[in-house]
Amino acid sequence: MATPSDAVHVRAPGKINVFLEVGDVQDDGYHEVATAYQAVSIYEELWASPADGITVEVSGPTGLDEVPTDDRNLAVRAARLLARATGVQAGVHLEIRKAVPVAGGMGGGSADAAAALVACDALWETGLSTAELLRLAARLGADVPFALLGGTAVGTGRGDELSSALARGRFDWVLVTSDEGMSTPVVYRELDVHRERHLADIGPVPRRPAVDPGVLHALRQGDAGMLAASLRNDLQAPALHLRPDLAGVLETGERAGALAGIVSGSGPTLAFLAADEAAALDLRVSLTGAGLHAMHVHGPVPGARII
Ligand code: ATP
């Protein structure tokens, strides 16, 4: 794909939920969550150039069949929403180069939407404030505000009510991706079914989900060992139920030296936390040697930014 020189170029990161507690379903159909996000160094690249109408073209390594290139594309929806909100008549052509696994639980579509907001705001000179962009982002999806903000943050409500969290140093992760994506709503439904079935053993759904202070402490300390001990994802059990093969991969990673492994968001990407950069490099080699598709990333990194 050629990259036009008069285009605005934006980069937006994928995310890992280092903590995700899921509460009850709300009246709007969304579950209430409390999550701690970390943006990691796997990036969607987006170029926005002047055009008639709003169009998109997507390239990337895998999963492109599942990415719509019509008005359902989240980046197109973002551009349309910004145009509507600001009264802009101009068009845009968006070129997206995906690196975040499609339907992988790492918020790739949300990153594309955040990148489109930032790029079109610059291209159309609409000059929105961060607060205004965050408000539009929340209308596009629960994870879109975080893709704008990046870094490390706590999300409540649907995950879109953000407050930044202090994080010191860097955390090294090895991601293991899957060829087949997973649908987020299907994983949430599986969680509801699982909770209904096991009500007697696991107790009622938490009334008000909240991020464990231990996670925030570990992030503040920049302590990978401490963070490994407090990783939690309520979507992990239903994701493993739908994809039992992932349980074996989690064990492989932990045997190969990861401090801990966790399903990222609604899966199927797995995120293994390593003690440091050298340990992550070793882990990546071991997992690749075991025939898995593994990559080393680090966090936290900034949100959607013009390059
Ligand atoms: P979630 O943010 O819901 O956890 P995810 O990270 O698992 O999602 P995404 O890659 O963001 O997965 O996409 C989920 C679905 O959204 C895809 O299957 C696709 O149909 C749709 N979609 C719409 N626009 C995009 C886009 N720009 N990139 C990827 N998927 C998109």
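Calculation criteria
- Residues numbered from 1 in each chain as written.
- Predicted model: local features only at pLDDT ≥ 70, side-chain atom pairs only at ≥ 80, totals over all residues.
- Heavy atoms only, no water.
- Near = heavy atom within 4 Å.
- Polar contact = N/O pair within 3.5 Å; in protein donor to acceptor, adjacent residues only side chain to side chain.
- Areas by Shrake-Rupley, 256 points an atom, 1.4 Å probe, with all protein chains shown as cover.
- Helix = DSSP H or I, 4+ residues; strand = E, 2+ residues; numbered from the N terminus.
- Nonpolar A, V, L, I, M, F, W, Y, C, P; charged D, E, K, R; others polar.
- Phe/Tyr/Trp six-rings, centres within 6.5 Å; stacked < 30°, edge-to-face > 60°.
- Lys NZ or Arg CZ within 6 Å of the ring centre and 35° of its normal.
- Buried < 20%, exposed > 50% of the residue type's maximum accessible area, 1.4 Å probe, protein only.
- UniProt positions renumbered as here; feature names shortened; annotations may be inferred.
- Contact = heavy atoms within 4.5 Å.
- Arc of directions from axis to C-beta.
- Pairing = 2+ DSSP bridges.
- Domains from an automatic or database assignment.
- Buried area = accessible area lost by both parts, 1.4 Å probe.

Another point: the site of the ligand. Close to the ligand lie 21 residues; Ala103, Gly105, Gly107, Gly109 and Asp112 are nearest. Within the contact set of the ligand, an oxygen atom lies 3.2 Å away from a backbone nitrogen or oxygen of Met106. Relative to its unbound accessible area of 600 Å², the ligand is 80% covered by the protein chains. The leading source of residues in the shell around the ligand is helix α2 (residues 108–123), at four residues. Of the residues contributing to the shell around the ligand, the split by class is seven nonpolar, nine polar and five charged.

Before going further, it helps to examine the packing of aromatic side chains. This model, assessed by the stated rule, comprises one aromatic pair. Looking at Arg158, its charged tip hangs above the ring of Tyr30, at a distance of 4.1 Å from the centre.

What follows deals with unusual backbone geometry. Put simply, Gly267 and Pro268 share a cis peptide bond, and its omega is 5°. For Pro268, the position within the fold is in the loop between β9 (260–263) and β10 (270–274). Of note, the bond from Gly299 into Pro300 is cis; its omega dihedral lies within 30 degrees of zero at 0°. Phi is positive for Ala103, which is not a glycine, with a value near 50°. If you trace the backbone, Ala103 turns up in the loop between β4 (92–97) and α2. On the basis of relative accessible area, Ala103 is assigned to the partly exposed category, the value being 31%. For Glu125, which is not a glycine, the phi torsion comes out positive at approximately 55°.

All right, on to the UniProt feature "active site" (unreviewed entry) in the chain then. In the numbering adopted here, UniProt assigns the feature "active site" (unreviewed entry) to Lys15 and Asp143. Across 129 residues of sequence, these annotated residues stay compact in space, with a maximum C-alpha separation of 9.0 Å. Summarising the element assignment, Lys15 is placed in strand β1 (residues 8–25). With residues up to four places along the chain from it excluded, the contact list for Lys15 reads Tyr37, Gln38, Ala39, Val40, Gly105, Met106, Gly107, Asp143, Phe146, Ser264 and Gly265. Within polar-contact distance, the side chain of Lys15 engages the side chain of Asn17 at 2.8 Å. Tracing the backbone through its elements, the reader meets Asp143 in the loop between α3 (130–140) and α4 (144–149). In this structure Asp143 touches Lys15, Tyr37 and Ser110, once residues within four positions along its chain are discounted.

Glancing now at helix α7 (residues 213–221). Taken as a whole, α7 has its buried residues at Val215, Ala218 and Leu219. Summarising the axial view, the buried residues of α7 lie within an arc of 100°, below the 170-degree limit, and thus occupy one face. Looking at the buried residues of α7, the elements they touch are β1, β2 (31–49), β5 (152–156), β7 (171–177) and α8 (224–230). Backbone geometry just downstream of α7 places Gly222 in the positive-phi region, at approximately 65°.

The next subject is the pairing of β1. Here β1 lies mainly inside the structure; 15 of its 18 residues are buried. Examined bridge by bridge, β1 and β2 share 15 bridges and lie antiparallel to one another. The residue bridging Lys15 from the neighbouring strand is Ala39, located in β2. Between the end of β1 and the start of β2, which pair antiparallel, lie five residues, with Gly29 showing a positive phi angle near 90°. Sheet topology places β1 next to strand β12 (residues 305–306); two bridges connect them, and they run antiparallel. The partner of Arg11 across the bridge, within β12, is Arg305. The sheet contact formed by β1 and strand β8 (residues 232–233) spans two bridges and is parallel. Across the sheet, the residue bridging to Phe19 is Arg232, located in β8.

Its place among the elements puts Ser41 in strand β2. Ignoring anything within four residues of it in the chain, the contact list for Ser41 reads Val297, His298 and Val301.

A separate point is the domain arrangement of the chain. By a widespread convention, an interface's size corresponds to the accessible area lost as its parts come together. We note that the domain assignment places domain 1 (8–166) and domain 2 (171–298) within the chain. If you average the C-alpha positions of domain 1 and of domain 2, the two centres end up 22 Å apart. Contacts between domain 1 and domain 2 engage 33 residues on the former and 40 residues on the latter. Carbon and sulfur atoms make up 60% of the area that domain 1 and domain 2 hide from each other, which totals about 3000 Å².

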